[in-house]
Amino acid sequence: MQLFIASTSPFARKARIVAHELGLGDRIVMIEVDPWTDPRLRSLNPLAKVPTLIRDGGEPLYDSAVICDYLDALAGRRLIPQDGERRWRALRLQALAADACTAAGRLFAGERRGGEDPMRERLLAAVEAALDALEREPLDDVAPDFGDLCAALLPGYCDFRWPDRDWRQGRPRLAAFAAAMERRTSFVATRHRAPKRGL
Ligand SMILES: N[C@@H](CCC(=O)N[C@@H](CS)C(=O)NCC(=O)O)C(=O)O
């Protein structure tokens, strides 16, 4: 299988972390691209977004949550709880972290462009409220499921985009959780970084 990724993308990082946690890393070739310019991506995924998973003998899969669901099924259902309240918790945390990362990405892009961003206050409110919600959430850094893994993506992405902004202030439980998660092999191996030269 091939996974089209970008090193700056929290959605690609989610799929990579899940592959790693499931022990599927060796079966997936990572292809780092710039989704805005890569000539192959739109023919594989009409949205031209990362992550996109090319399966052996199947339609490409896209949207990080769908890719994670597929990988979890391939590995024998180990990370996404299949029923009960734990399932809704995991899917809710996935949705919270994904949309908050989308808001954070738009916020960052607006700051980089400069000038007035009419959406700034709303995006900032979404990121701050999501971090507050994660502070209140009982999160598991010992035997994390899909929801816990996703929850750790937002603090990691904030650290990458705004290394000088202290989201930890007033959020000691989330800070401790994020620190523990960033020590996991799957998180160390997928840490955000600037794109490779030429991308
Ligand atoms: N809902 C998608 C979001 C993926 C996404 O927005 N990826 C960004 C990188 S962080 C991208 O590829 N952007 C290129 C574009 O929007 O054209 C997912 O979860 O996979």
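By convention here, each chain's residues receive numbers from 1 onward along its written sequence. With pLDDT at 70 or above as the cut-off, local features in this predicted model cover only qualifying residues; side-chain atom pairs require 80 or more to be listed or tallied, and sums for whole chains, interfaces and linings still use all residues. Only hydrogens and water are set aside; all other atoms, that is, all heavy atoms of the structure, feed into the side-chain values.

### Comments concerning the site of the ligand
Near the ligand the following residues occur: Ser-9, Phe-11, Pro-35, Trp-36, Ala-48, Lys-49, Val-50, Pro-51, Asp-63 and Ser-64. Between the ligand and Val-50 there is a distance of 2.9 Å, counted from an oxygen atom to a backbone nitrogen or oxygen. Methods summary: accessible areas were calculated by the Shrake-Rupley approach with a probe of 1.4 Å, and residue burial reflects only the protein chains presented. Coverage of the ligand by the protein chains reaches 75% of its 510 Å² of free accessible surface. The distinction between a cavity and a pocket rests on a 1 Å grid over the protein atoms alone: a 1.4 Å probe fits inside a cavity but cannot get out, while a pocket stays open yet meets protein on both sides within 12 Å along at least five of seven lines, and a residue with an atom within 4 Å of a point counts as lining. Put plainly, a molecule is in a cavity or pocket when over half of its atoms are within 2 Å of the grid points there. Structurally, the ligand is housed in the largest pocket. In this classification, Asp, Glu, Lys and Arg are treated as charged, Ala, Val, Leu, Ile, Met, Phe, Trp, Tyr, Cys and Pro as nonpolar, and every other residue, Gly included, as polar. Of the residues contributing to the shell around the ligand, the split by class is six nonpolar, two polar and two charged. When we say a residue is near a molecule or strand, we mean one of its heavy atoms is within 4 Å of it. N or O atoms closer than or at 3.5 Å make up a polar contact, with two conditions inside protein: a donor-capable atom paired with an acceptor-capable one, and, for residues adjacent in sequence, both atoms drawn from side chains.

### Considering the sheet that holds strand E4 (residues 61-62)
Strand order in the open sheet formed by four strands is E2-E1-E3-E4, with mixed pairing between adjacent strands. Lying at the two open borders of the sheet, with one neighbouring strand each, are strand E2 (29-32) and E4. Pairing between two strands is assigned when DSSP locates at least 2 bridges connecting them. In this text, helices come from DSSP runs of H or I with a minimum length of four residues, and strands from runs of E with a minimum of two, each type numbered from the N-terminal end. Sheet topology places strand E1 (residues 2-5) next to strand E3 (residues 52-54); three bridges connect them, and they run antiparallel. Paired with Gln-2 across the two strands is Ile-54, which belongs to E3.

### Details of the domain arrangement of the chain
What the domain assignment reports for the chain is domain 1 (2-79) and domain 2 (84-184). One C-alpha centre belongs to domain 1, the other to domain 2; they are set 21 Å apart. Contacts were defined at the residue level, with two residues in contact if any of their heavy atoms lie within 4.5 Å. If you look at the interface, domain 1 gives 11 residues, while domain 2 gives 16 residues. Buried area is calculated as the accessible area (1.4 Å probe) missing from two parts once they are joined, with the contributions of both summed. For the domain 1 and domain 2 pair, buried surface summed over both sides reaches about 1200 Å², with 67% attributable to carbon and sulfur atoms. For the domain 1 face of the interface with domain 2, the top three residues by lost area are Pro-10, Lys-14 and Leu-79, together amounting to 39%. Only one rule defines a salt bridge in this text: a Lys or Arg side-chain nitrogen within 4 Å of an Asp or Glu carboxyl oxygen. Viewed at the interface, domain 2 and domain 1 are joined by two salt bridges. Among the ionic pairs, Glu-21 bridges to Arg-184, the shortest N-O distance being 2.9 Å. At the boundary of domain 1 and domain 2, one finds four residue pairs in polar contact (both at pLDDT 80 or more). The element contributing the most residues to the side of domain 1 that touches domain 2 is helix H1 (residues 10-21), with seven residues. For the side of domain 1 that touches domain 2, the residue count by class is seven nonpolar, one polar and three charged. The start and end points of each domain follow an automatic or database-based domain assignment.

### Some thoughts on the nonpolar core
Counting residues in hydrophobic clusters, the biggest one holds 49 residues, and the most contacted among them are Val-18, Leu-71 and Leu-154. Per-element tally for this core: the top contributor is helix H4 (residues 84-113), with eight residues. Of the domains in this structure, domain 1 (2-79) and domain 2 (84-184) are the two that each give at least three residues to this core. Beyond its immediate stretch of four places on either side in the chain, Leu-71 contacts Met-1, Ala-15, Val-18, Ala-19, Leu-22, Leu-24, Ile-28 and Leu-53. By size, the runner-up hydrophobic cluster in this structure holds seven residues, among which are Phe-4, Ile-31, Val-33 and Ile-54. Each nonpolar core is a collection of buried residues, namely Ala, Val, Leu, Ile, Met, Phe, Trp, Tyr and Cys, held together in the definition by side-chain atoms within 4.5 Å. Exposure classes here rest on a 1.4 Å probe applied to the protein chains alone. A residue is buried below 20% of its type maximum, exposed above 50%, and partly exposed in between.

### Thoughts on helix H5 (residues 120-136)
Since the α-helix packs 3.6 residues into each turn, any two residues three or four apart lie on the same face. Multiplying 1.5 Å by the helix residue count minus one yields the expected span of that helix. Here H5 spans 25 Å end to end across 17 residues, near enough to the 24 Å set by a 1.5 Å rise per residue. Of all the positions in H5, only Leu-123, Val-127, Ala-130, Leu-131, Ala-133, Leu-134 and Glu-135 are classed as buried. Structurally, H5 contributes buried residues whose contacts are with H4, helix H6 (146-151), helix H7 (153-161) and helix H8 (172-182).

### Thoughts on the side chain of Glu-182
Tracing the chain through its elements places Glu-182 in helix H8. Classification of Glu-182 as buried rests on a relative accessible area of 17%. Those residues in contact with Glu-182, other than ones at most four positions away along the chain, are Arg-13, Ala-152, Gly-156, Phe-187, Val-188 and Arg-191.

### Examining unusual backbone geometry
Looking along the chain, the bond that leaves Val-50 and enters Pro-51 is cis, with omega of 0°. At Ala-48, a residue that is not glycine, the phi angle is positive and equals roughly 50°. Here Ala-48 lies in the loop between helix H2 (41-44) and E3. For Ala-48, a relative accessible area of 8% gives the class buried. Even without being a glycine, Asp-63 presents a positive backbone phi close to 80°. Mapped onto the elements, Asp-63 comes out in the loop between E4 and helix H3 (64-74). With a relative accessible area of 47%, Asp-63 lands in the partly exposed category.

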